[in-house]
Amino acid sequence: MIEPEFFISSVNQLLVRFPKEPPMRARLLAHWLIEGMSLDLDLNRTIEQFARVEAGEPEISVGIFTVTSYISKERVRLEQAFFPCPEEEANPASTELSFAEAKELILRWRDAME
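Keep in mind that what you see is a predicted model, and the values were worked out from it rather than measured. (Residues numbered from 1 in each chain as written. Predicted model: local features only at pLDDT ≥ 70, side-chain atom pairs only at ≥ 80, totals over all residues. Heavy atoms only, no water.)

Visitor: How would you explain the packing of helix α1 (residues 23–36) against helix α4 (residues 99–113) if you had to name every residue and give the values?
Guide: In contact at an axis separation of 11 Å, α1 and α4 are set at 50° when each is read in the N-to-C sense. Judged by the angle between their axes, α1 and α4 are oblique. In terms of crossing hand, the pair formed by α1 and α4 is right-handed. Along its contact with α1, which presents Leu-29, Trp-32, Leu-33 and Ile-34, the element α4 presents Ala-102, Leu-105, Ile-106 and Trp-109. (Axes fitted to C-alpha atoms, helices over the stretch in contact; angles between N-to-C directions. Helix = DSSP H or I, 4+ residues; strand = E, 2+ residues; numbered from the N terminus. Parallel < 35°, antiparallel > 145°, perpendicular 65-115°, else oblique. Left-handed = near helix turned anticlockwise from the far one by under 90°. Contact = heavy atoms within 4.5 Å.)

And the structure:
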């Protein structure tokens, strides 16, 4: 089970960290939530994308500045999309979580935003 820790930054922004996850996985998860769902509009769009997959759409890919997510009924794959050096572009960092884990994480993020 993924255990996020939500907190408010000094500039009053909701942030998240994953202290029990390996550093690269924690970074990808945090960027996915913070960059991809910081606004209500973005969060609602993500919830709609998950509903489309639940309704039968095979896979949806969504790119933000640092992370691309590939959402399917079985899993969600997060892949680094910003490469500070050419070596990383050849083998981007990635992590996977189950569809259920990802959906639960999004709902917990939504609750923390309120």
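The rest of the description comes next.
Visitor: Any details on the environment of Glu-3? Residues and values, ideally.
Guide: Inspection of the secondary structure puts Glu-3 in the segment before β1 (5–8). In this structure, the C-alpha to C-alpha distance between Glu-3 and Glu-21, residues 18 residues apart in sequence, is 8.4 Å. Dropping the residues within four chain positions of it, Glu-3 is found in contact with Arg-17, Phe-18, Pro-19 and Lys-20. A distance of 3.0 Å separates polar atoms of two side chains, one belonging to Glu-3 and the other to Lys-20. (Polar contact = N/O pair within 3.5 Å; in protein donor to acceptor, adjacent residues only side chain to side chain.)

Visitor: I'd like a description of unusual backbone geometry, backed by residues and values.
Guide: Phi is positive for Asn-12, which is not a glycine, with a value near 65°. Examined against the element boundaries, Asn-12 turns out to sit in the loop between β1 and β2 (14–17).

Visitor: Which residues make up the pattern of salt bridges, and what are the values?
Guide: In the structure shown here, the tally under the stated rule is ten salt bridges. For Glu-54, the salt bridge identified is with Lys-103, shortest N-O distance 2.8 Å. With a gap of 49 residues between them, Glu-54 in helix α2 (residues 40–54) and Lys-103 in helix α4 connect regions that are remote in the sequence. By relative accessible area, Glu-54 is classed as partly exposed at 35%. With a relative accessible area of 29%, Lys-103 lands in the partly exposed category. (Salt bridge = Lys/Arg side-chain N within 4 Å of Asp/Glu carboxyl O. Buried < 20%, exposed > 50% of the residue type's maximum accessible area, 1.4 Å probe, protein only.)

Visitor: Tell me about the sheet that holds strand β6 (residues 94–98), residues and numbers included.
Guide: Taken in spatial order, the four strands line up as β3-β4-β5-β6 in an open sheet, and their pairing is antiparallel. Edge strands, defined here as strands with exactly one partner in the open sheet, are β3 (59–63) and β6. Taken over all neighbouring pairs, the strand axes of this sheet differ in orientation by 15° on average, direction set aside. Looking at chain direction, β3 and strand β4 (residues 67–72) are connected through five bridges and run antiparallel. Of the residues in β4, the one forming a bridge with Ser-61 is Tyr-70. The sheet contacts of α1 involve β4, β5 (75–80) and β6, and relative to β5 the element is tilted by about 100°. In the packing of α4 onto the sheet, contacts are made with β4, β5 and β6, and the angle to β6 comes to roughly 90°. (Pairing = 2+ DSSP bridges.)

All quantities given are derived from atomic positions and should not be read as evidence of function.
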